[in-house]
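# Chain and residue survey
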Amino acid sequence: MFSNNLISQKSLVQGKLGLMMFFDFFIWGAFYVTMGTFLGDKFEASGTDIAKAFETQAIGAIVAPIIVGILADRYFSAQKLMGFIHLIGAVLLYLAGMSSSFSEFYPYILAYFILYMPTIALCNAIAFRQMKNPAKEFTPIRVLGTVGWIAAGIIIGWANWEEGSLENTFFLGAGASLILGLYSFALPKTPPIVDQNNESAFSIVKLLGLDSLKILRNRAYLLFFFSSILICIPLSFYYSWANPFLNDYGMKGAAGIMTIGQVSEVFFMLLLPYFILRFGIKNTLAIGILAWGLRYLLFAYGGVNEQTWMLIIGIVLHGICYDFFFVTGQIYTELKADKKYKSSAQGLITLATYGVGMFIGFRIAGNVRDYFVDGEATRWFEFWLVPSIIAFAVLILFYLAFREAKKYSINS
């Protein structure tokens, strides 16, 4: 009887965490995939302006470790902090959707992402705190975040908002943000971990959560950290330009079709524990990087030759691209980080990936797109070759230099 109660309680906690992940990624997917198309259609934004809009996500990711380090690791429970963030975020997304010009839109989306990006690290921290074996337990919960992203894309495709009503995507995200903001207060309690041996110690390093930088003393993790920054440069090309590219190609309901990538993400995320156990951290990460290079080759040749099947395969590869590098990287970070700064460490890897790497990547992608524009037509073949070359270069660097002495098992 006692054992059944424990199982029931654990299932309830897992259900709460899964719903948290669902809504956190539903909000992001609601407006993010089509934001480039929205800005181009409604405000006739240039590639540089679209890059600036997407860079707000990177700015938010750079700020994330500071917010998480100061507040979640030091002073406030992670679930309460996330609740307040999403309540404010609901207002900001609504105002962004109501904007009548790019100059009016930009401050709202900047403020929103400064608040939203820390929630990725907060979600991970809340979930990991409830787990004894993160490598085994995390993916079944994290996969519901991908389901949330899929659900948002399906709604957009079904409602046919890409035909001229994309401001509704921001209202959809605002509604979901309001729901998650209220729901967050019912999540498992995740208070800061207090160092009983050094409770009164104070320093700027601890205040800002920068003690998580200690993790970079490990050579293998340091290389992984810099590889994460570099691989996010080609990643930025996909996030900011895949939807405009597919709409330009003439694909109907492109946002809905792009959810195939998230369906693939669900499938490969469930297989991820097996790959980590069978092939190890290094090979799993390398497969993810390889998939990015292949995807952009498929986009390049599929677009110029009007081979739709190549574009679909490129979209399907998203599961391997994202799961094998980014989710594996989150698990790797959890395994390597000291318990006193696990939340900060998740914020740190968020800074490397969604922050520094994608900030550089969005700017490069915007400039590359403007460079390959002839009149109103974009030379997509040359455009997609650029991120493909970058991804293959990162793969060679990573595979030759990364060394991880310890083997991690999902069963330990």
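Structural notes, computed from the coordinates. (Residues numbered from 1 in each chain as written. Predicted model: local features only at pLDDT ≥ 70, side-chain atom pairs only at ≥ 80, totals over all residues. Heavy atoms only, no water.)

## Some remarks on the nonpolar core
Condition: What we call a nonpolar core is a set of buried Ala, Val, Leu, Ile, Met, Phe, Trp, Tyr and Cys residues that are connected through their side-chain atoms within 4.5 Å. A 1.4 Å probe rolled over the protein chains alone gives each residue an accessible area, and that area as a share of the maximum for its type sets the label: buried under 20%, exposed over 50%, partly exposed in between. Each helix is a run of DSSP H or I of at least 4 residues and each strand a run of E of at least 2, with the numbering of both proceeding from the N terminus. Residue contacts are defined here by distance: any two heavy atoms, one from each residue, within 4.5 Å place the two residues in contact.
Membership of the largest hydrophobic core comes to 129 residues, with the highest contact counts inside it found for Trp28, Tyr32, Met35, Leu39, Phe105 and Trp384. The element best represented in this core is helix α11 (residues 254-304), accounting for 19 residues. Non-local contacts of phenylalanine 105, meaning those with residues more than four positions away in its chain, are made with Met35, Phe38, Leu39, Phe43, Ala53, Ala96, Ser99 and Phe170.

## A word on the packing of helix α4 (residues 78-97) against helix α8 (residues 167-183)
Going by this rule: In this analysis, axes come from line fits to C-alpha atoms, helices being fitted only over the stretch in contact, and the angle between any two N-to-C directions falls in the range 0 to 180 degrees. These descriptions rest on fixed angle ranges, namely under 35 degrees for roughly parallel, over 145 for roughly antiparallel, 65 to 115 for roughly perpendicular, and the rest for oblique. Throughout, a crossing is termed right-handed when the near helix is turned clockwise from the far one, and left-handed when it is turned anticlockwise from it by less than a right angle.
At a minimum axis separation of 7 Å, α4 and α8 run at an interaxial angle of 165°. Overall, the two elements α4 and α8 adopt an arrangement that is roughly antiparallel. Every pair of crossing elements has a handedness; the one defined by α4 and α8 is left-handed. Within the contact between the two elements, α4 uses Gly83, His86, Leu87, Gly89, Ala90, Leu93, Tyr94, Ala96 and Gly97 and α8 uses Glu167, Phe170, Phe171, Gly173, Ala174, Ser177, Leu178, Leu180, Gly181 and Leu182.

## Considering the packing of helix α10 (residues 219-249) against helix α15 (residues 380-401)
Convention followed: Residue polarity is assigned by list, with Asp, Glu, Lys and Arg as charged and Ala, Val, Leu, Ile, Met, Phe, Trp, Tyr, Cys and Pro as nonpolar; anything else, Gly included, falls into the polar class.
Where α10 contacts α15, the two axes come as close as 10 Å, and the packing angle between them is 165°. Our classification of the angle between α10 and α15 gives roughly antiparallel. Judged by the twist between their axes, the crossing of α10 over α15 is left-handed. Considering only residue class, the contact of α10 with α15 consists of 22 nonpolar, one polar and two charged.

## Focus on the environment of alanine 125
One can find alanine 125 in helix α6 (residues 118-129). What makes alanine 125 buried here is its relative accessible area of 8%. In this structure, the C-alpha to C-alpha distance between alanine 125 and glutamine 346, residues 221 residues apart in sequence, is 7.3 Å.

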